[in-house]
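# Fold and geometry: a report
One letter stands for each residue in the lines below.
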Amino acid sequence: SKLIERKPPCIVYLNESVVSEIEILPSSFPPKILLESGAVGVPKSLLVPLYLEARKTFFDHISSQDSESYHAALQATSIVLLFDPNHLTAANFRKRHIERFFGTKNNENGYIERDNEDLIDAVRNELRFLESLITSPLGKHAKSSTLLAQRLWIVENFPKSAIREHASDEAIEQLGNARNLVRGFWDRELAIVMKAGERHARNYYAWQYGR
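Since this is a predicted model, take the numbers as computed values, not measurements. (Residues numbered from 1 in each chain as written. Predicted model: local features only at pLDDT ≥ 70, side-chain atom pairs only at ≥ 80, totals over all residues. Heavy atoms only, no water.)

## Thoughts on the side chain of Thr 135
Considering the arrangement of structural elements, one finds Thr 135 in helix α4 (residues 117–135). Ignoring sequence-local partners within four residues, the contact set of Thr 135 consists of Ile 192, Lys 195 and Arg 199. (Helix = DSSP H or I, 4+ residues; strand = E, 2+ residues; numbered from the N terminus. Contact = heavy atoms within 4.5 Å.)

Right under this line is the structure:
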């Protein structure tokens, strides 16, 4: 294991490119972040000042046109949603970030996906970030209507990019294997729903997403 000491208020951003198991530790733990084999432990006494700084960063830069400030606001949303999984403003900002990449929207057919690796990465990172929150042993995240609605919005509007998340490069190249790609994706999504159901009893938001 590796201990990383943080002196609050110090902004810490989650690694959204990997799926992590995140746990909020009791305040009795020292104000240090514990990292071990993809698991992240954040003491509650540290999470509060991190949230306050992330929230300030987010609202200070939410309307900025500067690239650096924009990405600071985007990164701050990960801490905001870790603290408050139903923070609609932060969730909608992340939606607009993906819309910004995918550009045009057809009123009849929805979004027009463009085959670009940067755009696919945006969807992939969002799916992994949401999976980390939904499947981790956190109090409210597994049953968050906002997080599950965000995931549903992604797979409904960008299915082509979403399917690539759980598929290997070789499988993607085999066009005849498209049916297996789709089935593999939904099998993985069902596994996420089942894990969310284990985290929170009577998780009707997760079951609705599964249906």
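Additional details are given in the paragraphs that follow.
## Examining the pattern of salt bridges
Evaluated as defined, the whole model comprises seven salt bridges. Across the pair Arg 151 and Glu 189 runs a salt bridge whose closest N-O atoms are separated by 2.8 Å. One end of the pair, Arg 151, is in helix α5 (residues 145–157); the other, Glu 189, is in helix α8 (residues 178–199), with 38 residues separating them in the sequence. This pair shows no difference in class: Arg 151 is buried, exactly as Glu 189 is. Close ionic contact of Asp 187 with Arg 183 constitutes a salt bridge, the shortest N to O distance being 3.8 Å. With Asp 187 and Arg 183 both in helix α8 and four residues apart, this pair spans about one turn of that helix. The exposure class assigned to Asp 187 is partly exposed, which follows from its relative accessible area of 43%. (Salt bridge = Lys/Arg side-chain N within 4 Å of Asp/Glu carboxyl O. Buried < 20%, exposed > 50% of the residue type's maximum accessible area, 1.4 Å probe, protein only.)

## A closer look at unusual backbone geometry
The backbone phi angle of Ser 37 is positive, close to 50°, even though this residue is not glycine. Of the residues examined, Ser 37 reaches a relative accessible area of 80% and is grouped as exposed. The residue Arg 202 is not glycine, and still its phi comes out positive at about 50°. One can find Arg 202 in the loop between α8 and α9 (204–210). On the basis of relative accessible area, Arg 202 is assigned to the exposed category, the value being 69%.

## Structural notes on helix α1 (residues 44–61)
Between its first and last C-alpha, α1 extends 26 Å over 18 residues, near the 26 Å set by a 1.5 Å rise per residue. Taken residue by residue, α1 has Leu 46, Leu 47, Pro 49, Leu 50, Tyr 51, Ala 54, Thr 57 and Phe 58 as its buried positions. (Expected span 1.5 Å × (residues − 1).)

## What to know about the pairing of strand β3 (residues 32–36)
Here β3 runs beside strand β4 (residues 39–43); their pairing, made up of three bridges, is antiparallel. Within β4, the residue paired with Leu 35 across the bridge is Val 40. As consecutive antiparallel partners, β3 and β4 are separated by two residues, and within that stretch Ser 37 has a phi angle of approximately 50°, a positive value. (Pairing = 2+ DSSP bridges.)

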